[in-house]
Amino acid sequence: MLAVHLVSFFFSKLQEDPTKKVDRFLYAMRLHDDQLKDISARFQAEMKKGLSAESNVTATVKMLPTHVRSTPVGSEKGQFLALDLGGSKFKVLQVKVREGMGIRRGGVEMEEKTYPIPGELLAGRGAELFDHVSESLKDFLHEKNISLEKKHPLAFTFSFPCEQSTLDQGKLLNWSKNYQVRGFQGKDVVQALREAIDRTGGMNIEVLAMVNDTVATMMTCGFDDNYCEVGLIIGTGTNACYMEELRHVDLVEGDEGRMCVNTEWGGFGDDGALNDYITEFDKDVDAASNNPGKQIFEKMVSGMYLGELVRLVVLKMAKQGLLFDGFVSHALRTKGKITTADVSDIINNTKDILTGLDLNPSPDDCIAVQHVTTIVSFRSSNLVSAGLAAILTRIKQNRNLRALRITVGVDGTVYKTHPQYPKRLHKVVRRLLPECHVRFVLSDSGSSKGAALVTAVAQRLASQRRKTLSPFRLSHEQLQLVKARMRTGLEAGLKTKGPSAIKMLPSFVYHTPDGTEHGKYLGLDLGGTNFRALLVKFKKGLQNNTRLYHKLYTIPQEIMQGTGEDLFDHIVDCISDFLDYMGLKNARLPAGFTFSFPCEQTAIDTGTLVSWTKGFKATDCEGHDVVSLLREAIKRRNEFDLDIAAVINDTVGTMMSCAYEDPQCEVGLIAGTGSNVCYMEEKNLGDAKIQKMCINTEWGGLGDDGSLDDIITPYDVEVDQNSFNNGKQRFEKLTSGMYLGEVVRQVLLDLTRGGLLFRGHVTEPLKTRGIFETKYLSQIESDRLALLQVRSILQGLGLESTCDDSIIVKEVCGAVSRRAAQLCGAGMAAVVDKIRENRGLDHLNITVGVDGALYKLHPHFSGVLQETARVLAPQCNVTFLPSDEGSGKGAALITAGAILKKKM
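Since the structure is predicted, the reported quantities are computational estimates derived from the model, not experimental observations.

Asker: Which parts of the structure should I look at to understand the packing of aromatic side chains?
Answerer: What describes a pair of aromatic rings is the distance from one ring centre to the other and the angle between the planes of the rings. Applying the stated rule across the entire model yields 28 aromatic pairs. Between W175 and F184, the ring centres sit 6.0 Å apart and the planes meet at 25°, which makes this aromatic pair stacked. For F184, a relative accessible area of 7% puts it in the buried group. Judged by centre distance (5.3 Å) and plane angle (25°), the ring pair of W612 and F616 falls under stacked. The class for F616 is buried, based on a relative accessible area of 1%. An aromatic cluster is built from F130, F156, F158, F160, W175, Y179 and F184, whose rings are joined through pairwise contacts. Positioned above the aromatic ring of Y227, the side-chain terminus of R405 is 4.1 Å from the ring centre.

Asker: Sorry, what's going on with the sheet that holds strand β25 (residues 844-851) here?
Answerer: Spatial strand order, β14-β24-β23-β22-β25-β26: 6 strands in an open sheet with mixed pairing. The sheet is open, and its two borders are formed by β14 (505-506) and β26 (876-882), each paired with just one other strand. One ladder, built from 2 bridges, connects β14 with strand β24 (residues 693-696); its direction is antiparallel. Looking across to β24, one finds that L505 is bridged to N696. Where helix α26 (residues 803-838) meets the sheet, it contacts β22 (665-671), β23 (675-681), β25 and β26, and its direction lies at approximately 5° from that of β23.

Asker: Sorry, what's going on with the packing of helix α23 (residues 737-753) against α26 here?
Answerer: The geometry of a pair of packed helices is captured by two quantities: the angle between their axes and the separation between those axes. Between α23 and α26, whose axes approach to 10 Å, the crossing angle comes to 140°. The angle between α23 and α26 falls in the class oblique. Both α23 and α26 take part in a crossing whose hand is right-handed. Where α23 approaches α26, its residues L740, V743, V744, V747, L748 and L751 are matched on the opposing element by I808, V809, V812, C813, V816, S817, R819 and A820.

Asker: What should I look at first to understand the sheet that holds strand β18 (residues 590-595) in this one?
Answerer: Strand pairing in a sheet takes place through backbone hydrogen bonds and is either antiparallel or parallel in direction. Taking strand neighbours across the sheet as the criterion, the 5 strands line up as β17-β16-β15-β18-β21 in an open arrangement whose pairing is mixed. Each edge of the sheet is formed by a strand with only one pairing partner; in this case those strands are β17 (547-554) and β21 (643-648). The sheet shows a mean angle of 20° between the axes of neighbouring strands, direction not considered. By the bridge criterion, 5 bridges tie strand β15 (residues 519-526) to β18 in an arrangement that is parallel.

Asker: Teacher, can you tell me more about the pairing of strand β9 (residues 228-234) here?
Answerer: Each regular strand displays side chains that alternate between the two surfaces of the sheet. Counting buried positions along β9 yields 7 of 7 residues, so the element is predominantly enclosed. Of the pairings in the sheet, the one linking β9 to strand β12 (residues 404-411) comprises 5 bridges and is parallel in character. Among the inter-strand pairings, V230 is bridged to a residue of β12, identified as V408. Bridge count for β9 against strand β10 (residues 238-245) is 5 bridges, and the pairing is antiparallel. When the sheet's bridge partners are listed, G231 is paired in β10 with C241. Linking two consecutive strands that pair antiparallel, namely β9 and β10, is a turn of 3 residues.

Asker: Where do I start with helix α12 (residues 363-398) in this structure?
Answerer: Structurally, the α-helix is built with 3.6 residues per turn, so residues lying three or four positions apart point the same way. Over its 36 residues, α12 extends 52 Å from the first C-alpha to the last, a length consistent with the 52 Å expected when each residue adds 1.5 Å. Counting buried residues in α12 gives 30 out of 36 residues, a clear majority hidden from the surface. N400 sits one or two positions beyond α12 and adopts a positive phi of about 55°.

Asker: What's the story with helix α4 (residues 126-143) in this structure? I'm lost.
Answerer: Along its 18 residues, α4 runs 26 Å from first to last C-alpha, staying within 8% of the 26 Å computed at 1.5 Å per residue. For α4, the complete set of buried residues consists of G126, L129, F130, V133, S134, S136, L137, F140 and L141. Each buried residue of α4 lies within a common arc of 160° when the element is viewed along its axis, so the set occupies one face. In the stretch just after α4, N145 is the one whose phi turns positive, near 55°.

Asker: Any chance you could explain the pattern of salt bridges here in plain terms?
Answerer: One pass over the full model with this rule turns up 50 salt bridges. One salt bridge connects E491 with K834, and the closest N-O pair in it is separated by 3.1 Å. On the criterion of sequence distance, the pair formed by E491 in helix α16 (residues 476-494) and K834 in helix α26 is long-range, its members being 343 residues apart. When its relative accessible area of 24% is taken as the criterion, E491 is described as partly exposed. Given a relative accessible area of 1%, K834 falls into the buried group. A single network of salt bridges, built from pairs that share partners, joins K483, R487, E491, E681, D833, K834, R836 and E837.

Asker: Just to check I follow, could you spell out the confidence of the model for the protein for this structure?
Answerer: In the predicted model, the protein carries a mean pLDDT of 86, and the fraction of residues at 70 or more is 91%. Overall, residues 1-14 carries pLDDT values under 50, and its contacts beyond four positions in sequence, including any with other chains, amount to 1 contact. pLDDT under 50 marks residues 101-105. Its contacts with residues more than four places away, or in other chains, come to 16 contacts.

Asker: Help me understand the nonpolar core, please; the structure alone is not making it clear to me.
Answerer: Among soluble globular proteins, nonpolar side chains are generally buried collectively. Counting residues in each nonpolar core, the largest one holds 96 residues, and the members touching the most others are V667, F772, M828, F861 and F880. In terms of residue count, the dominant contributor to this core is α26 (17 residues). Excluding residues that lie within four positions of it along the chain, M828 makes contacts with V667, L669, V677, W699, V848, A869 and F880. Residues F324, L357, I375 and L383 belong to the second largest nonpolar core, which totals 84 residues.

Asker: Is there a simple way to think about the packing of α12 against helix α14 (residues 421-432) in this case?
Answerer: α14 packs onto α12 with a crossing angle of 40° between their chain directions and a minimal axis gap of 9 Å. Viewed along their axes, α12 and α14 adopt a mutual orientation that is oblique. Taken as a pair, α12 and α14 cross one another with a handedness that is right-handed. For the pair formed by α12 and α14, the contact residues are S377, F378, S380, S381, N382, V384, S385, A386, L388, A389 and L392 on the first element and Y421, R424, L425, V428, V429 and L432 on the second. Of the residues assigned to the contact of α12 with α14, the class counts are 11 nonpolar, 5 polar and 1 charged.

Asker: Help me understand unusual backbone geometry in this model?
Answerer: For Q295, which is not glycine, the phi dihedral falls at a positive 55°. In this structure, Q295 sits in the loop between α7 (280-287) and α8 (296-301). On the basis of relative accessible area, Q295 is assigned to the buried category, the value being 14%. Although it is not a glycine, Q729 adopts a positive phi angle of roughly 55°. Examined against the element boundaries, Q729 turns out to sit in the loop between α21 (714-721) and α22 (730-735).

Conventions we followed
- Residues numbered from 1 in each chain as written.
- Predicted model: local features only at pLDDT ≥ 70, side-chain atom pairs only at ≥ 80, totals over all residues.
- Heavy atoms only, no water.
- Phe/Tyr/Trp six-rings, centres within 6.5 Å; stacked < 30°, edge-to-face > 60°.
- Buried < 20%, exposed > 50% of the residue type's maximum accessible area, 1.4 Å probe, protein only.
- Lys NZ or Arg CZ within 6 Å of the ring centre and 35° of its normal.
- Pairing = 2+ DSSP bridges.
- Helix = DSSP H or I, 4+ residues; strand = E, 2+ residues; numbered from the N terminus.
- Contact = heavy atoms within 4.5 Å.
- Axes fitted to C-alpha atoms, helices over the stretch in contact; angles between N-to-C directions.
- Parallel < 35°, antiparallel > 145°, perpendicular 65-115°, else oblique.
- Left-handed = near helix turned anticlockwise from the far one by under 90°.
- Expected span 1.5 Å × (residues − 1).
- Arc of directions from axis to C-beta.
- Salt bridge = Lys/Arg side-chain N within 4 Å of Asp/Glu carboxyl O.
- pLDDT = per-residue confidence, 0-100.
- Core = buried A, V, L, I, M, F, W, Y, C linked by side-chain atoms within 4.5 Å.
- Nonpolar A, V, L, I, M, F, W, Y, C, P; charged D, E, K, R; others polar.

If you want it as structure tokens, here you go:
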């Protein structure tokens, strides 16, 4: 009797809590966190497999590149048409994107019309489907009074897996969502749309971009939230996309920046990776689908299948007598009778929905069915959470972050209509990734707005490039004009009467080395922020057997801009240290002084400083003989003595150093902190007895007379006005390392003020003169430097940038440095053509000795310079020879020549 009472007691308790029998029945669907982490790890492995070119073919998660490289920043603008094809209906829209200014975002206005797709077209021919789409597009243009003659950019949302090689091309991989259009797999859907538009006729449409609905959702939400870099669809179908580092996307060339990857995660599990999590109900749903064995993850998650999963569970429970007293209606046996809408609505209308299935549910039946629906829905949100956790973990690892702040843009009927789904999803994601701050934003305008924004972003980036680069692009005709003006300036400077922007200073160096130089010589080299002392030993007749010892010393800024006496005393201190270092304090060595500033010379060992350049401002030096100033400083020190036999410019020293290696070297070029050229002139030397002399052109002064005003940009004007020698050395300010970084900063400042860079935020570092050193141009333009490293450089300067910002900064650097190299090439063409004509030659072979960090360290400067000179001086074969030992060795060679001449 007691046993009967106990059975009755437990049976009554079970009756009181109908959810427990559901929990036992659906135990396999209730996933705990360890299982979700395991699924997330498996999904990460599949992502990696899909990104690899070697394993992509066999990957179930295809990780399709979308060629969308940027999310919106708010400065997009324009009017676009949009098509959204992905379900039983499609939409045509007109989207107007209003530009924002600075940090203020723009707005989006949309007009739309929904068109049905006849059922027969879903299983018909592809051409028929796209003809229907095109005719509906034309109907929309008529209805909205949109001009048929005007060209309209069109964005195409196509919500099926496609392989894209460009933003406006996509080959269909397979249909889904009950589409079974014939003869279309592997075809370019954008081309199919264009052909249909042509067949319809009477429209001027340019299809600029095709995107998946998931990508478009990310873009829609990204317009209002800069942190949105993930898109998620949980509706009829399910999918996710995110911004992946391009270096990891093997299927696309290049390794810089980011690209949105469409995961197509619905195929996860198609290889059996989820077999231990698949229930008998999942197997039944899959077997009854039109694509058995495919899209396994989608069938466990998406709205197209949730209703059917619930129906199969309820059906089996009823068959086992656990629901409806074992009664099974015909409707309950019928596929599709419980819909996704029912799943979302079942909490509130359980009895009505079940009654509609010809069932007579008890209150406990209603509670049990509600619980079935909750478990099926929660499993869906848990699986989505696991996939999303894998994506967010990958992003965090890609960026080497301990914590991640990110926004996920979401769309889809399940997410929007299911009362518990969003809350559950958010909770589980945050539980799986406690170190990540994840925000979820619901797409308020669907994917069409996002597709239009993809097109708008593409147009914005193109607009930025045009705005950035156009002032610095020099045509062939402009470069020819620069060459002609340089030639005119060279000739004018050689005349003894009248002022000239190009000084053409005589160096009193009459020949290049001939191999007879021998002995020990001291080289002293002052040309920038460093001073170099050298000891050079030449062996007679052995050009390749030269021994050189040197030491580098810094010139502090307070010395550069102090008194002349302090400057030369500092130089003598450095010389004294070097002589001690070499053990030569008591030897009176002949010395050559490389002094890299404009000097007027009347002899090889005298040079009157015309003007300081390169940031030097030492007082009481201009108008004085620098050799005398050095000798006086040596006398004040009274520790050693030198025989200063020659003073030369660094450009002359470079030419002499290279000529020691190559007898054809008769031109010297400096492309570093400053910019200058020298060459061996044979005419207009003012003395019939002199057959040849090296002329220090001081070509940096070209343009001081206004001759370059037509190519000087507002940014160059700003740099000049803020320089200490306003209106002087205009050509140098366009070409030398001392100024290029500042030109770049001025461009970046202008673009930022216009809202085109750094989200329109003008920081204090960006307003700071000199912060953007020219060395950054060389680093940023390196072909081996990924955009993340460019961003790191910018962050080091206090400039927080996106990858888009980094792309633009890199292009600005490239434009400024390319123009500098082209201008130097045009100037060089003028010099070598003059030498050729001086000698009356049809063709000239000549070598140019080169020194300077810009030429040697910048990844592209030398190549652009050489190519420009080749094109503009086609009758000259110019070889460029970098100087290994710099101009100090050249000064020693000139000194050796001067000493030998005295002995003769």
